[in-house]
Amino acid sequence: MQTDSMYQEIILDHYRHPHHQGLREPYDAEVHHVNPTCGDELTLRVRLDGTGADARVADVSYAGEGCSISQASTSVMTDLVTGRTLAEALQVADAFGALMQSRGTLEPDENVLEDAIAFAGVSRYPARVKCALLGWMAWKDAATRAVDVHAGPPPDGPAPVAPVADPTTLTAPTPEEIVP
Amino acid sequence: MTVTVTPATGSATASATGSATASATASATASAVATAAPVGTSYDVDRIRADFPILSRRVHDDRPLVYLDSAATSQKPRSVLAAMTDYYERHNAAAHRGVHVLAEEATDIYEGARDKVAAFIHAPDGREVVFTKNATESINLVAYALGNADRLGSRGRLGPGDEILVTQMEHHSNLVPWQLLAQRTGATLRWIPVSLEGRLELDDLDSLLTDRTRIVAFVHQSNILGTVNPVDVIVRRAREVGALVLLDSCQSVPHLPIDVQALGVDFLVFSGHKMCGPTGIGVLWGRFGLLAELPPFLAGGSMIEEVTMAGSTYAEPPQRFEAGVPMIAEAAGLGAAVDYLTGIGLDAVAEHEHRLTGYALERLAAVERLRIIGPATTSSRGGAISFVIDGIHPHDVGQLLDETGVAVRVGHHCVRPVCQLFGVPATTRASFYLYTTYGEIDALLDGIERAKRVFG
């Protein structure tokens, strides 16, 4: 066994016993993301409390299938963003994005990333980075849509259209697209 | 090292006569079997491996590379690399352009490769071999040209009411171009279903392949299932109804003796890089009369006959389909690959892979929680074996195998409909070639057991 295996015990634990799994009501936005090269799929819901700068991530629920990296990363993500303000959660997401595109050169900050530091090794395998990012990208997308829902319709504009997830357009971005 | 096999016992009890296999390690038996040769021949896998520099690479903590991904791309022998280097060092020029000595030599190398490929697949005429970027381009060329042809044989333009027939096990490259052709022309795309044994379901062939069918395009040997399809059955029916036949031979030309005339198809496509040649070159073989009827695909230099500002006429095949300065170094490499494979003999390669496949299927079948996706026996089956393991995603299997130096392919292998049919998101695929050993299959099995331990 390699000492620097991608499969840290933290990752295997989250894969075997994922946190916050399942699709729950109520929710403000739901998205469906796929990883077309792997066949990983994820449906994810976000509920926010409050609006604007006070908006807080009240719940993240999800269902999907995929490899241990994508499943465990999604589980860790729900721990890190739930209960935080949207601004704080986005900062964590950016820190994770930076770690993932570091090609193993970044020393992760455990105070910020907690269990997500276990994915540092994944960043050395470009083919697997998108697995680790699947849940995070889905969360960012759903959170953005949830903010729009909370903002309500513009004063004279049409009512907002219910968000429709389009798996053909909402795929995880390439590492280049997630510059923090 | 020389190993002989007695006729009565076959590979299972190969007896090593060399000292190299006399080691007392646990894999001694496997090493001995590794060089098992067909009776009466001297298939020496160690000698073959010595021709491939990359096979002596070590990866991850100095582990030997176990390359089981030849269905994705094969490794290249030194002679192929040398042919390409020699071309650039001594002969580099634009083929078919110029009268200087280098241009003549480059043209000879390029056209010489065409003749070698033609002989390799028993094409009656070198002009029937079109060089393309890859097999994908070859199929797109045919699909595009068929859609633009005013007539196909005795029949008119492709259009509504016409049908295109494929199978449910096609690589996306032999599916999506036909979907696009159907969209462009109004023709209907139909397909032959696949059984859960990984075989084509041909019971309803006569109702799928009818006089409405203009072309049937199908894979000779499946890249995901390993299945070798019954070309004769489909060709016979296609002939009855006057349909054209395109055979995707990406996974058969590198592994089996191929005779395009005996197969009786109209078009046959394959890529260079899966048969010990370089990337960047593929082949379209077509009956000359048919190629001569097809309009161009890509247009530009060297595919024309006469050009005026108002319009152009086109060169005869194959030049009609080879616009621009071609991939001459790649053709040199492919020609060398043909020489290399011919020197070993495709019969011997096929026999070696057949034995390896039998051994691998037997060992994989004994692994708990492992399910083979594809035919379970070596009957009409090649050496690409897909499998899934309960509770471990194929990407994790592939990653854990990589940690032990074993390189396999994971994913849907560009055949998503087959994954959907079998209800799996992806598979892990091990694939073999002329340089694969029994010891490497043992390493695969060891890696699978380790993956199962990691995931508990």
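Here the residue index of a chain counts from 1 through its sequence in written order. Chains carry letters and ligands carry numbers; both start at the beginning, A for chains and 1 for ligands, and go up in the order they are written. In keeping with the model being predicted, local features are shown solely for residues with a pLDDT of at least 70 and side-chain atom pairs are shown and tallied solely at 80 or more, while totals for entire chains, interfaces and linings include all residues.

J.: Any chance you could explain the nonpolar core here in plain terms?
T.: Proteins that are soluble and globular tend to have nonpolar side chains buried together. Counting residues in each nonpolar core, the largest one holds 171 residues, and the members touching the most others are A:W139, B:I121, B:V216, B:L246, B:I328, B:A331 and B:A332. Think of it this way: any DSSP run of H or I at least four residues long counts as a helix, any run of E at least two long counts as a strand, and we number them from the N terminus. Ranked by the residues each element gives to this core, the list is headed by helix 5 (residues 126–151) of chain A, at 12 residues. Where a domain begins and ends is set by an automatic assignment or by a domain database. The residues that make up this core include at least three from each of domain 1 (3–72 + 345–455) and domain 2 (79–343) of chain B. Not counting residues up to four positions away in its chain, the partners in contact with B:A331 are B:I109, B:Y110, B:A113, B:F131, B:I281 and B:P326. A set of buried Ala, Val, Leu, Ile, Met, Phe, Trp, Tyr and Cys residues, joined through C-beta atoms within 7 Å, is what we mean by a nonpolar core. With C-beta atoms placed from the backbone, a residue is labelled by how many other C-beta atoms lie within 10 Å of its own: buried for 20 or more, exposed for 12 or fewer, partly exposed between the two. Throughout, a residue-residue contact means that the two C-beta atoms, derived from backbone geometry, are no farther apart than 7 Å.

J.: I tried to follow the interface of chain A and chain B on my own but got confused; where do I start?
T.: For interface size, the figure often reported is the accessible area lost on association. Each partner contributes residues to the interface: chain A has 13 residues there, and chain B has 13 residues. Ten residues, namely Ala, Val, Leu, Ile, Met, Phe, Trp, Tyr, Cys and Pro, are considered nonpolar, four, namely Asp, Glu, Lys and Arg, are considered charged, and the remaining ones, Gly among them, are considered polar. The residue makeup of the side of chain A that touches chain B, split by class, is 5 nonpolar, 6 polar and 2 charged.

J.: Whenever I open this one, the sheet that holds strand 16 (residues 384–389) of chain B confuses me. Can you help?
T.: All names here are of chain B. A pair of strands is treated as paired once DSSP finds two or more bridges between them. The 4 strands are arranged 15-16-19-18 in an open sheet whose pairing can be described as antiparallel. The outermost strands of the open sheet, each flanked by one partner alone, are strand 15 (370–373) and strand 18 (409–411). Averaged over all adjacent pairs, the angle separating strand axes in this sheet is 30°, with direction ignored. Alignment of strand 15 against strand 16, held across 4 bridges, turns out to be antiparallel. Opposite I372, over in strand 16, you have F387 as the bridge partner. Only the stretch in contact is used when fitting a helix axis, every axis being a line fitted to C-alpha atoms; angles between N-to-C directions are given from 0 to 180 degrees.

J.: I would appreciate a short explanation of the packing of helix 3 (residues 78–91) of chain B against helix 11 (residues 328–344) of chain B in the present structure.
T.: The axes of two packed helices give the description: the angle between them and the distance between them. Residues and elements named next belong to chain B. Axis separation between helix 3 and helix 11 bottoms out at 8 Å; the angle between their running directions is 145°. The hand of the helix 3/helix 11 crossing is right-handed. Of helix 11, the residues touching helix 3 (which contributes S79, V80, A83, M84, Y87 and Y88) are I328, A329, A332, G333, G335, A336, A337 and Y340. A class-by-class count of the residues in the contact of helix 3 with helix 11 yields 11 nonpolar, 3 polar and no charged. Handedness of a helix crossing follows the sense of rotation of the near helix relative to the far helix, less than a right angle counterclockwise being left-handed and clockwise being right-handed.

J.: Where do I start with the environment of B:N174 in this structure?
T.: Residue and element names in this part refer to chain B. Inspection of the secondary structure puts N174 in the loop between strand 7 (163–167) and helix 6 (176–185). Sequence separation of N174 and V219 is 45 residues, and the distance between their C-alpha atoms is 7.9 Å. Those residues in contact with N174 that lie beyond four places of it in its chain are I139, V166, A217, V219 and D248.

J.: I keep staring at the sheet that holds strand 2 (residues 40–49) of chain A and nothing clicks. Help me out?
T.: All names here are of chain A. Reading across from one edge, 1-2-3 is the order of the 3 strands in this open sheet, with antiparallel pairing throughout. The two strands at the open ends of the sheet, each matched to only one other strand, are strand 1 (29–35) and strand 3 (56–65). On average, each strand axis in the sheet is inclined to that of its neighbour by 20°, with strand direction left out of account. Bridge count between strand 1 and strand 2: 7 bridges; the pairing is antiparallel. What sits directly across from H33, in strand 2, is L42.

J.: Help me understand helix 3 of chain B, please; the structure alone is not making it clear to me.
T.: One turn of an α-helix holds 3.6 residues; hence residues three or four places apart share an orientation. Between the first and last residue of a helix there are one fewer steps than residues, each counted as 1.5 Å, and that sum is the expected span. In a regular helix each residue adds 1.5 Å, so 14 residues correspond to 20 Å; helix 3 of chain B covers 19 Å between its end C-alpha atoms and thus fits that length. Tucked inside the fold, the buried residues of helix 3 of chain B contact helix 4 (101–120) and helix 11 of chain B.

J.: Is there a simple way to think about the domain arrangement of chain B in this case?
T.: Residue and element names in this part refer to chain B. Split into domains, chain B comes out as domain 1 (3–72 + 345–455) and domain 2 (79–343). In this structure, domain 1 and domain 2 have C-alpha centres spaced 30 Å apart. Residue-level contacts link 24 residues of domain 1 with 21 residues of domain 2. Elements supplying a minimum of two residues to the side of domain 1 that touches domain 2: helix 12 (346–365), strand 16, helix 14 (416–422) and strand 19 (427–431). Of the residues forming the side of domain 1 that touches domain 2, the biggest block, 5 residues, is contributed by helix 12. Residues that form the side of domain 1 that touches domain 2 fall into these classes: 13 nonpolar, 7 polar and 4 charged.

J.: Got a minute to help me understand helix 11 of chain B in this structure?
T.: Residue and element names in this part refer to chain B. Over its 17 residues, helix 11 runs 25 Å from end to end, which matches the ideal 24 Å to within 8%, given 1.5 Å per residue. Counting buried residues in helix 11 gives 13 out of 17 residues, a clear majority hidden from the surface. Count one or two residues on from helix 11 and you reach G345, which has phi positive near 100°.

J.: Hey, could you run me through the confidence of the model for chain B in this one?
T.: It should be kept in mind that the predicted coordinates are not to be read in detail where pLDDT is low. Residue and element names in this part refer to chain B. Per-residue confidence from the predictor is reported as pLDDT, a score between 0 and 100. Predicted confidence across chain B gives a mean pLDDT of 91, with 91% of residues reaching 70 or more. This stretch, residues 1–40, has a pLDDT under 50; its non-local contacts, to residues over four places away or in other chains, come to 57 contacts. Interface confidence for the predicted complex, given as ipTM, is 0.78, next to a pTM of 0.86.

J.: Just checking my understanding: could you explain the pairing of strand 7 of chain B for this structure?
T.: Residues in a regular strand project their side chains so that they alternate between the two faces of the sheet. All names here are of chain B. A large share of strand 7 lies buried, amounting to 5 of its 5 residues. Both faces of strand 7 are covered, namely the face carrying E163, L165 and T167 and the face carrying I164 and V166. When strand 7 meets strand 8 (residues 188–192), the two strands line up parallel, connected through 5 bridges. Within the sheet, the bridge partner assigned to I164 lies in strand 8 and is L189. Crossovers are described as right-handed under a simple rule: with the strands pointing away from the observer, the path leading from the first strand over the helix to the second runs clockwise. Of the crossover connections in this fold, the one passing from strand 7 over helix 6 to the parallel strand 8 is right-handed. When strand 7 meets strand 9 (residues 213–219), the two strands line up parallel, connected through 3 bridges. Counterpart to I164 in the pairing with strand 9 is I215.

J.: Sorry, what's going on with the packing of helix 5 (residues 135–148) of chain B against helix 6 of chain B here?
T.: All names here are of chain B. Relative to each other, helix 5 and helix 6 sit at 15°, their axes nearing to 9 Å. Put simply, helix 5 runs roughly parallel to helix 6. Every pair of crossing elements has a handedness; the one defined by helix 5 and helix 6 is right-handed. Listed contacts from helix 6 to I139, N140, A143, L146 and G147 of helix 5 are P177, W178, L180, L181, R184 and T185. Residue composition of the contact of helix 5 with helix 6, grouped by class: 7 nonpolar, 3 polar and 1 charged. If an angle is under 35 degrees, it is roughly parallel; if it is over 145, roughly antiparallel; if it lies from 65 to 115, roughly perpendicular; otherwise it is oblique.

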